[in-house]
Each structure stands twice: as C-alpha cells, then as structure tokens.
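Structural description and commentary
This is what each chain is made of:
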Amino acid sequence: MSDERPKKPLPEEQLSRETTSLEKAPSVSGPGASAAPASPVLPGQPVAAPALRASDADRERVVERLRDAVAEGRLDMEEFQERLEAAYASRTYAELEPLTRDLPAVGGAPAGAAAVAAGSGQEQAAWPERIGGAGTSSTAVAVMSGFQRKGQWTVPARFNAVAFWGGGDLDLREASFSQREVVITCIAVMGGIQITVPPGVEVDVRGIGVMGAFDQRGNPGPLQPGAPRVVVTGFAMWGGVEIRVKPLKSDRENKPRRRKEL
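First things first, this report covers the structure right here in the doc. (Residues numbered from 1 in each chain as written. Predicted model: local features only at pLDDT ≥ 70, side-chain atom pairs only at ≥ 80, totals over all residues. Heavy atoms only, no water.)

1. What to know about the nonpolar core
Definition in use: Put simply, buried Ala, Val, Leu, Ile, Met, Phe, Trp, Tyr and Cys residues joined by side-chain atoms within 4.5 Å make one nonpolar core. Exposure is judged per residue with a 1.4 Å probe applied to protein chains only, and the accessible area is read against the type maximum: over 50% gives exposed, under 20% gives buried, and values in between give partly exposed. Runs of E in the DSSP output that reach at least two residues are strands. Runs of H or I that reach at least four are helices, and both are numbered from the N terminus. Two residues qualify as a contact provided that any one of their heavy atoms is within 4.5 Å of a heavy atom in the partner residue.
The biggest cluster of nonpolar side chains holds 30 residues, and the ones touching the most others in it are Leu172, Cys186, Ile195 and Val241. Only strand 1 (139–143), strand 4 (158–164), strand 7 (181–189), strand 8 (192–197), strand 12 (229–237) and strand 13 (240–245) provide two or more residues apiece to this core. The greatest single-element share of this core, amounting to four residues, is contributed by strand 7. Setting aside chain neighbours within four positions, we find Cys186 in contact with Ala161, Ile193, Ile195, Phe214, Val232, Thr233, Gly234, Phe235 and Val241. Counting residues in each nonpolar core, the second largest holds 12 residues, with Ala54, Val63, Leu66 and Ala69 among its members.

Spelled out as structure tokens, the structure:
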C-alpha cells in the first residue's frame, strides 16, 4: 500500500477549478427558477412616465378636427374613416396625438404657432391667479326679460341660468372661477342663453334639446395649462343655448390686420 496522500490544491488552483465549474453549470429556467433581481435605478437615470389616459372630451376634440380637415379637403373619406375609428378606440394621449400630427390648426396656421398665439392673450396670462374664491352669484333668471353677467366676476362651482320668453348672456372671458371645474345648468324655454368663453378653455356640452338645441360654435384651440373646465348642461325646449369661443377685443386688436382685397 502506498503511503502517498493526495496533495492539497493551492489556493490559485482551487479558485480556477471553481470558476470553470460555474461556467459549465447549466442555466436554470422554468417555473421554478428564481428571477434575476432587477437592476436598481441609478440617481439621475430617467424613469419611464406612465401613459396619460384620454377622456371622452379629448377624443371628441380630435374627431372635430378631423371633420374640419375633411371639409378643408386635407383628408379624403377613406382616411377620415380610418382616423375616426382610431380616435374612438384610443385610450391615451400618445394614441391620439399622431391622428392630427400632420394637420395644421384651424385657420391654416401650424399647430405650434397657434399654441403660442393662444397663450399670448390677456385672458390666458395668469390662470392660477383666476381660480379660487367665492362665487359672485349662483343664479340668473329672465322671464320675458334678460340677464347679463360679463366683465370681472367669479363663476361659482355651480351656476343656474333660466330663460323663459327671454334671453341671457354669460361672458366668461374676464371672469374668475371658484374651482378648476364649474358646471353651468341652463334651462331655456322659448328663450335663449349665450355663453362666451375665451380660447384655450375646455368646454363640455351635455345639454338636451327638445325642439331646441345646445350649440357650440368655434374651436377652443389648444388647451392652456391651468385653464378651467366649463361643463354646460341643462334643457332647452323651443329655445337654445349657444356656446361661443371668442377672444377679448384687446387681443384681436393686437393681431396684425389683413388688407382688404379690392
């Protein structure tokens, strides 16, 4: 019998053998395999933002712009139908944005220029400063007469307007708002109510008309950051409620005038 004993491997040889065995070890996969730990987010490393969800009003604005593009001859009916279906199926802003990316803003101006022009008006100067406070009045009634709210006044969270054989005028262009979202309920029976809002304000019309109508005229254009949201609802019978988008007179005077063609 030999008295020779196995030699103890040196530290360098043992480390080399362990490394080789790890390289040759088969990779473990399958349901029982533990997932690799996620790499930590380093300071300053950008994090993907969640996609913002689009509302019904956002989709309707895109659809309205597509209808304008058809009327202007920028889209044919086949393209319009494809984009219309995509608009109603969209769930996020990222899905809506490409549908009007190649279309100029209303009036033929590029979308970027329209946004700058809309944001330069006096009524868009300081929206955060114009939101908050108590409402000036919460009700306006006209029976065989009329009412008017214009200039600097504060729109409450809920405002009721009634016109019976009469008319009413609500001008919000210089108004303040008690909350970011206000609801104006209009009842027009054989009468009419006109609501004027500045560009950049989101308007949501939900009224019901029976032999009458709730009519929105004008395009609000790009929504301004911090601008309020005006919800118009109610009932019109043999009458009408008209919502107009119109800048202040001072803003129109600041725009360059066109020469009249002879």
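2. Observations regarding helix 3 (residues 77–89)
So the rule is basically this: Here, expected helix span is obtained from the residue count minus one, scaled by 1.5 Å. Here the arc refers to the set of directions running from the helix axis out to each C-beta atom. Definition of a polar contact: a pair of N or O atoms within 3.5 Å, with one able to donate and the other able to accept a hydrogen when the atoms are protein atoms, and with sequence-neighbouring residues admitted only if both atoms are side-chain atoms.
The terminal C-alpha atoms of helix 3, which comprises 13 residues, lie 18 Å apart, in line with the 18 Å expected from a rise of 1.5 Å per residue. All of the buried residues along helix 3 are Phe80, Arg83, Leu84 and Ala87. Across the axial projection of helix 3, the buried residues extend over an arc of 110°, all falling on one side. The outward face of helix 3, more than 90 degrees from its buried face, is lined by the exposed residues Glu78, Glu82, Glu85 and Ala89. Sitting at the amino-terminal end of helix 3 is Asp76, which places a side-chain oxygen 3.3 Å from the backbone nitrogen of Glu78.

3. Digging into the environment of Leu248
With respect to the helices and strands, the residue Leu248 is situated in the loop between strand 13 and helix 6 (249–254). A residue is classified by how much of its surface remains accessible, and Leu248, at 10% relative accessible area, is buried. Taking the C-alpha atoms as reference, Leu248 lies 6.7 Å from Arg173; in sequence the two are 75 residues apart.

4. Details of the side chain of Asp58
Tracing the chain through its elements places Asp58 in helix 2 (residues 56–71). Judged by relative accessible area, which is 8%, Asp58 ranks as buried. Among the polar contacts listed, one links the side chain of Asp58 to the backbone nitrogen of Ser55, at a separation of 2.9 Å. Once you skip the residues sitting within four places of it in the chain, Asp58 turns out to touch Tyr93 and Leu96.

5. Observations concerning the pattern of salt bridges
Side-chain pairs of opposite charge can arise where the charged atoms are in close proximity. Just so we agree on the cut-off: Salt bridges are identified by distance alone: a Lys or Arg side-chain nitrogen within 4 Å of an Asp or Glu carboxyl oxygen.
Applying the stated criterion to the full structure yields 14 salt bridges. A salt bridge links Asp56 to Arg59; its shortest N-O distance comes to 2.8 Å. Placement of both Asp56 and Arg59 in helix 2 is noted, with a separation of three residues, approximately one turn of the helix. For Asp56, a relative accessible area of 58% puts it in the exposed group. With a relative accessible area of 14%, Arg59 lands in the buried category. Glu64 is the partner of Arg67 in a salt bridge, and the nearest nitrogen-oxygen pair spans 3.5 Å. Of this pair, Arg67 and Glu64 are both found in helix 2, three residues apart, which corresponds to roughly one turn of the helix. Each of Asp58, Arg61, Glu181, Glu202, Asp204, Arg206 and Arg229 takes part in a single network of salt bridges with overlapping partners.

6. Overview of the packing of helix 2 against helix 3
Worth spelling out the cut-off: To obtain each axis, a line is fitted to C-alpha atoms, and for helices this fit is confined to the stretch in contact; angles are then taken between N-to-C directions over 0 to 180 degrees. Any angle between 65 and 115 degrees counts as roughly perpendicular, while under 35 counts as roughly parallel, over 145 as roughly antiparallel, and the rest as oblique. In this classification, Asp, Glu, Lys and Arg are treated as charged, Ala, Val, Leu, Ile, Met, Phe, Trp, Tyr, Cys and Pro as nonpolar, and every other residue, Gly included, as polar.
Their axes nearest at 10 Å, the elements helix 2 and helix 3 cross at an angle of 175°. The angle between helix 2 and helix 3 places the two elements in the roughly antiparallel class. Within the contact between the two elements, helix 2 uses Arg59, Glu60, Val62, Val63, Leu66, Arg67 and Val70 and helix 3 uses Met77, Phe80, Arg83, Leu84, Ala87 and Tyr88. In terms of residue class, the contact of helix 2 with helix 3 is built from nine nonpolar, no polar and four charged.

Function cannot be inferred from these measures alone, as they are strictly geometric.
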